[in-house]
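Structure at a glance
Listed below are the residues making up each chain.
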Amino acid sequence: MLISPLEGRGGAGSLRRAVRAGAVLALGLAGTVAGPAQTPTLRDLIHTKLDDLMNMEVTSVSKKEQKLSKAGAAIYVITQEDIRRSGATNIPDLLRMAPGVDVAQINANVWAITIRGFNDRYADKVLVLIDGRSVYNPSFSGVFWEAQDVPLDDIERIEVIRGPGGTIWGANAMNGVINIITKSARETRGGRITAGAGSQTRGDGLLQYGGSLGNKGTYRVFGRYFDVGSLTLANGAAAGDGQHTAHAGLRADWDLSRADTMTIQGDASSLRGGETYTGVFSQSLPLTKTIRDRIEMNSGNVLGRWSHVLANGSEMSLQVYDDYSHRVSEGLLDAHNTVDLDFQDHVAIGSRQDVVWGLGSRVTNLHFRPGYSVTFVPLARTDLLWSAFVQDEVQIARSLWLTLGSKFEHNSYTGFEFEPSGQLVWAPAKQHTIWASAARAIRQPNASGAGIQIDAAILPIPGVPFGLLKIVGNPDALDAEELNDFEAGYRAQVHKRLSLDLTTFLSVYHSLHSAEPHTPYFTSNPGPGHLVVPLVLEDLAYARNYGAEIFLNWTITNRWRVSPGYSMIHMVVKRDPSGRDSTVDLIPGENPKRQFQVRSSLTLPRRLEWDGSAAYTGGLGSMGVPGYTRVDTQISRRFGETLELGVVGQNLLRPRHSEYFDAHGLNHTQIERSVFGRITWSF
């Protein structure tokens, strides 16, 4: 792993910009299909009352179940039916559905994903959860998406919040929250076998079985293996960036009594992959070379959750999890173990107030071993996080609600932090909702910002053997990055066959991290003698973003639904008066200004289903990546109640294209046109 050297600018910092600063100074994926006996068809979904769809229950906005129409935030829900008909076999491709989410594939197994700007391989402004367990890597506060393998059949829904969620979820829920919620074990009883292969995904298999545990409990166990082939570099050579992963997991749910439920679940996985890496080799200065590198990652987690409903309807829960990861890539060992404890209470006060509050603590142990060009100082550390939150929803009038709250945290880097928010929701009519919100959110520093050291590039400098551009973390001069966000939105069922959701936002960022030039110095350790040109991480940049997102659901006929979506963002990133890192001006050009997509779901006779999507993503001017249009399609058919076949085509418009250039040493590859077939047998 090569941690983002310019971790910021709020997570969008990149080695590319550091090297420029140094120069100034001198479908391969398949449609996942659930068993036909367990999954509603599109026709069933369409015959459901559309106002019921608008009022589906969500939990990510307030950590309690509430109707989507009453949520004072920009939220998009990817349902199980969306997942089943998507033609995707991984979470990143599912997230392409959500407006305002920027998904860019870098190579066969690496993605850059963010919400509302600041994208990067190590983007760190979006909190990602799987069943309440944070999956960000504490070294850099971002996500290794290739390691987030969840059987898509088992996902109940994915709730995507665009905008800050710090009041409920805490630090790093700055630009958004992606909450992946899996099904209870009682919803997945019986057996399932899936098998698939294609031009890019060479093999994909799942074996799963669920049953009863006495008369109060249910369980499921699964094992999955998949093998993704390598793509090609821009020069046409093989990149060696394939991946194969073995994953096993279990979940058990008990209804202990009428008031008590318990869940225990766990996963273990082993990932082996590769990449083409170009970088400085610190032990052999001034050597810079390109190699085929191996990636190895072993991880595991276990989670337990108890919930209790009191006689007055109040509900409390206690959750604890342990998450372990051991990853080696680009010579660097990054290992961590996190233990997290979270208590929450939801109580109604009178007839007009609804309060959610909670307490939490987290202990993270990190251990590093130097890589080819990256090391950490110190090589081991322990981080502590203590937190409390409260949020109160008050019904001011029959159709008007005000929600106020704040998160309070104490972390090992900046000490005490708080993240308040307010939301106002007005429902002037049954099928219309207008909402507005204001919030403060932070992204706290991490081990990367405080202690990373990267030998980034060799510079030719007259009078000395060579110069070494060095990125240096700074534990003394990094504040928490701060966001003040203002949003407004409108949701409506404008016709019995048409619904829309519109959001506008203004986001103001302070104390964004920058890489500031310091005085060069000569050293012979390590030899040979050379001039070090240091760039030290500080917080001397700020930004102002504004934009809008809109999506529609249009049921054209009882068998055909079309869902278009559009998002735009305007970014301005500048230096503080004392800042000298001119490369922050390049950040807006590393994010698409506009994205548009339209999805179509058509149910045909003879139990055939045809789904497709067309999506346009604007170009990345700072990287020289042109805009591109991506077309995917899936055709599937059921045979009886237990067997289903599906064929997926992906990236159909052109043989290959680039989506993102990475400069953390990883050589990007061309994303190729692909085809994949899968068979699912449920019993």
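Residues numbered from 1 in each chain as written. Predicted model: local features only at pLDDT ≥ 70, side-chain atom pairs only at ≥ 80, totals over all residues. Heavy atoms only, no water.

1. Digging into the sheet that holds strand β37 (residues 669–672)
- In spatial order, the strands read β13-β37-β36; together these three strands make up an open sheet with antiparallel pairing. Taken across any chain shown, the strands that pair with only one partner, and hence form the sheet edges, are β13 (232–233) and β36 (656–657).
- Note that β13 and β37 share two bridges and pair antiparallel. Considered in β37, the bridge of Leu233 is made with Thr669. (Pairing = 2+ DSSP bridges. Helix = DSSP H or I, 4+ residues; strand = E, 2+ residues; numbered from the N terminus.)

2. Considerations on the sheet that holds strand β3 (residues 74–79)
- Taken together, five strands build an open sheet; the order of strands is β3-β8-β9-β6-β7 and the sheet is mixed. Bordering the open sheet on either side are β3 and β7 (133–134), each of which pairs with just one other strand.
- In this structure, strand β6 (residues 126–130) lies alongside β7, joined through two bridges in antiparallel fashion. Residue pairing in the sheet places Ile130 in a bridge with Arg133 of β7.

3. Observations concerning the confidence of the model for the protein chain
- Overall, the predicted model of the protein chain reaches an average pLDDT of 91, with 92% of residues at or above 70.
- Note on residues 1–16: pLDDT is under 50 here. Beyond four places in sequence and across chains, it has 99 contacts.
- Ignoring residues within four places in sequence, the model shows residues 18–51, a span with pLDDT below 50, making 126 contacts including any to other chains. (pLDDT = per-residue confidence, 0-100. Contact = heavy atoms within 4.5 Å.)

4. Some details on the pairing of strand β26 (residues 467–472)
- In terms of residue burial, β26 counts as a mostly covered element, since six of its six residues are buried.
- Burial along β26 is two-sided: Gly467, Leu469 and Ile471 and Leu468, Lys470 and Val472, pointing in opposite directions, are all buried.
- Pairing between strand β25 (residues 452–459) and β26: six bridges, direction antiparallel. Paired with Ile458 across the strands is Leu468, a residue of β26. (Buried < 20%, exposed > 50% of the residue type's maximum accessible area, 1.4 Å probe, protein only.)

5. With respect to the pattern of salt bridges
- Tallied over the entire structure, the rule returns 45 salt bridges.
- In this structure, Asp204 engages Arg678 in a salt bridge whose closest nitrogen and oxygen atoms are separated by 2.6 Å. Here the residue Asp204 occupies a position in strand β11 (residues 201–213), and Arg678 occupies one in strand β38 (residues 674–682), the gap between them amounting to 474 residues. Across the pair, exposure class does not vary: Asp204 and Arg678 are buried alike. (Salt bridge = Lys/Arg side-chain N within 4 Å of Asp/Glu carboxyl O.)

6. A closer look at the side chain of Asp120
- Relative to the elements of secondary structure, Asp120 occurs in the loop between β5 (110–115) and β6.
- On the basis of relative accessible area, Asp120 is assigned to the buried category, the value being 1%.
- At a separation of 3.1 Å, a polar atom in the side chain of Asp120 contacts the side chain of His664. (Polar contact = N/O pair within 3.5 Å; in protein donor to acceptor, adjacent residues only side chain to side chain.)

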